[in-house]
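Descriptive analysis of the structure
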Amino acid sequence: MNTILGLGFILIAGLFSARLINKIKFPAVTAYLLLGILIGPSILNLTSQELINSSGFISNIVLGLIAFGLGQSFTREFFRNIGRPVLWISILEAVLPWVLVTLSFFFILKQPFYVALLFGAIASATAPAATVMVVREYKAKGRFTDILLGVVAIDDAWCLIIFALSLALSKALAFHSSNTFIFKVIFHSLIEIVGALMLGGLIACFATLFSKFIRTQTELLIYTLGFILLTTGLAILLHLSVLLANMFLGTVLININKSNLEFFDVLKLIDSPLYLLFFVLAGANLEIGLLKGIGITGIIYIFFRTTGKTVGSVWGGYIVKVEDRIRRYLGLGLLPQAGVALGCALIAKSDFPEVGSMIFTTIVATTVIYELFGPLCTKYALHKAGEITIEHH
Amino acid sequence: MQVKEIMSKEVITVRRSTKLKELLGLFNKFHLFPLVPVVEENSRLIGIVSFRNLIDVFSPYRQEILKTVPFLDDQEEDIFKVELTKDIGNLVIVEDIMETKFVSLQEDTTLEEAFKLMKLHLKEEFPVTDKTGKLVGKIGIFDIIRRVFQEKGVI
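Residues numbered from 1 in each chain as written. Chains lettered and ligands numbered in written order. Predicted model: local features only at pLDDT ≥ 70, side-chain atom pairs only at ≥ 80, totals over all residues.

Focus: the overall build of chain B
- Scanning chain B from terminus to terminus reveals seven helices and five strands.
- For chain B, the sequential pattern of α-helices and β-strands runs α-α-β-β-α-α-α-β-α-β-β-α.
- If you line up chain B on its principal axes, its C-alpha atoms span 55 × 35 × 30 Å.
- When the 155 residues of chain B are sorted by exposure, 24% land in the buried category.
- Residue pairs at least 24 apart in sequence account for 65% of intrachain contacts in chain B once pairs closer than 6 positions are excluded. (Helix = DSSP H or I, 4+ residues; strand = E, 2+ residues; numbered from the N terminus. Buried ≥ 20, exposed ≤ 12 C-beta atoms within 10 Å, placed from the backbone. Contact = placed C-beta atoms within 7 Å.)

With respect to the overall build of chain A
- Helix and strand counts for chain A come out as 18 helices and zero strands.
- In summary, chain A has a C-alpha radius of gyration of 20 Å against a globular reference of 21 Å for 393 residues, a match within 12%.
- By the burial criterion, 54% of the 393 residues in chain A qualify as buried.
- For chain A, the proportion of contacts with a sequence separation of at least 24, taken over those separated by at least 6, is 80%. (Rg over C-alpha atoms; globule rule 2.2 N^0.38 Å.)

Some thoughts on the pairing of strand β2 (residues 45-49) of chain B
Residues and elements named next belong to chain B.
- By the criterion of burial, β2 is predominantly enclosed, with four of the five residues buried.
- Two elements, strand β1 (residues 36-39) and β2, share four bridges in a ladder whose sense is antiparallel. Bridge pairing in β2 places Pro37 opposite Ile48. (Pairing = 2+ DSSP bridges.)

With respect to the sheet that holds strand β4 (residues 125-129) of chain B
Residues and elements named next belong to chain B.
- What the three strands build is an open sheet, ordered β3-β4-β5; its pairing is mixed. The sheet terminates laterally at β3 (105-106) and β5 (135-140), the two strands that pair on one side only.
- In this structure, β4 lies alongside β5, joined through five bridges in antiparallel fashion. Bridging from a neighbouring strand, Thr129 pairs with Leu135 of β5.

Points about the confidence of the model for chain B
- When pLDDT is averaged across chain B, the result is 86; 94% of the residues are at 70 or more.
- For this predicted complex, the interface confidence score (ipTM) comes to 0.73, while the overall pTM stands at 0.84. (pLDDT = per-residue confidence, 0-100.)

So, the interface of chain B and chain A
- Contacts between chain B and chain A engage 19 residues on the former and 36 residues on the latter.
- Class assignment for the residues of the side of chain B that touches chain A results in eleven nonpolar, three polar and five charged. (Nonpolar A, V, L, I, M, F, W, Y, C, P; charged D, E, K, R; others polar.)

Side note on the packing of helix α8 (residues 143-175) of chain A against helix α9 (residues 182-210) of chain A
Residue and element names in this part refer to chain A.
- The contact between α8 and α9 brings their axes to 8 Å, and the two run at 140°. In terms of axis orientation, α8 runs oblique to α9. α9 is crossed by α8, and the crossing has right-handed handedness. Residues Ala164, Leu165, Ala168, Leu169, Ala172 and Leu173 of α8 lie in contact with α9, whose contacting residues are Val185, His188, Ser189, Glu192 and Ile193.
- Along the lines of polarity and charge, the residues of the contact of α8 with α9 split into eight nonpolar, two polar and one charged. (Axes fitted to C-alpha atoms, helices over the stretch in contact; angles between N-to-C directions. Parallel < 35°, antiparallel > 145°, perpendicular 65-115°, else oblique. Left-handed = near helix turned anticlockwise from the far one by under 90°.)

Observations regarding the packing of helix α5 (residues 76-107) of chain A against α8 of chain A
All names here are of chain A.
- Viewed as axis vectors pointing N to C, α5 and α8 meet at an angle of 45°, and their least axial separation amounts to 8 Å. In terms of their interaxial angle, α5 and α8 are classed as oblique. You can see that α5 and α8 cross each other, and the crossing is right-handed. On the side of α5, the interface is formed by Ile82, Gly83, Pro85, Val86, Ile89, Ser90, Ile91, Glu93, Ala94 and Trp98, while α8 contributes Ile147, Gly150, Val151, Ala153, Ile154, Asp155, Trp158, Cys159 and Ile162.
- Here the residues of the contact of α5 with α8 are counted per class, giving 14 nonpolar, three polar and two charged.

Remarks on the nonpolar core
- Of all hydrophobic cores here, the largest spans 140 residues; its most connected members are Tyr32, Phe119, Ile122, Leu160, Phe163, Cys344 and Ala345 of chain A.
- When residues in this core are grouped by element, the largest group, 20 residues, is from α8 of chain A.
- Not counting the four nearest positions on each side in its chain, Phe163 of chain A is found in contact with Ala121, Ile122, Leu243 and Cys344 of chain A.
- By size, the runner-up hydrophobic cluster in this structure holds 14 residues, among which are Val14, Leu23, Val38 and Val94 of chain B. (Core = buried A, V, L, I, M, F, W, Y, C linked by C-beta atoms within 7 Å.)

Now the structure itself:
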């Protein structure tokens, strides 16, 4: 199948498979991922090699868009809106899986530290789509639901920051390890991070400066996309963090001028087909052959990520003194894992070719498990917290 | 020419604490539910409410918080099928549904600039503030078009 034919097929098949899976109450992203696994080289082999090879390229663009969008969260209004409990709980439920998964991979599975760190960072992500779907379906309402939605709304922003830091550190550890001088490692990571922030901030100033020449929505779309690609491309060229550069681009833009929020809204016109493609390609990248070898890795990953999410929420809940029923079950509502985790895993795959395939396969396999069972856990959590108003039969 | 010369200075505003029921009552007489500025006691502009936000009342969660979240399935509640409790009119207040990220104009903005921004943002009305962020008026696309007709001597 040629590449263009493949693209057309993916878009149409993706649309209808999402409709189909919606009937049994799973989010569209699950359908895209399963479709990708099905048509990938391991099973039906309907995708061209060219398309598979472009996954890294697509995921960089998609994660650039996501990071840019999440950047607009960092305003005073947003933090006032979500409130202090959400802030604390979200930070702890993101940081704890990072720490626990990293330590368990390093000490129990004896993985090199930079690999353990990447797994840990990916473990901090959640998948809001699945959580929101369950909340809608059961018409959940109340303080637990409010806090849960607030947490999933900000959680991916923490994840991208954690992943960017870990990636910088992992690269420094893996590629400059001949020199065990710790300062060199820290120095290389700091350059990647601080440089990315400077790049994002600088481009945001340029984008604001020239935005007075923009007259229509169409021009705005081209303009916004152009600046995001410019940031992503420059970050890659200068070996800076793509995620942090784009996130900071968004943050600086929205904080310079509130009316810059149009930059974010206009992207909604084009992001859905890109997201669809991204998930299908992520699925198609799964190497079924590697699945056999990841049993124990997968179990450790799932066990410590789940523990991290649960203990993190309980701990955060203690700090901000929320009711027992909220802190006890919140972690269960945060288990789904999808897009951001897959995107980070794809980046890890392209940046670390030797260990990347193992990381990626583990994340795809656990994502499928989490996406299928996560929503059930969310439903259980909402039920236990007493906030499901309509019972389905 | 600047926005403050043709804007309407009489603007119906609401507070954070205005109840949904009062809000709906307030706009019963109008043909359209307009853009409603939300102000503090010192008339500082803190948000806006439009008919879009009324639809959000039918949704089980706050839409605004999830605006930045990627990969959400874009599903809207079917307002004809959703069951609402009767006391929602007293339970929901403006603060729950207002938008805090919005575009407003300064009173010294030129009409050309205001018109350009309306086209760019696909909006027909903007609230107008002074330098300190206090609400001083509201300008609609018709105010501008009518002014241009006047200048050309048509009316």
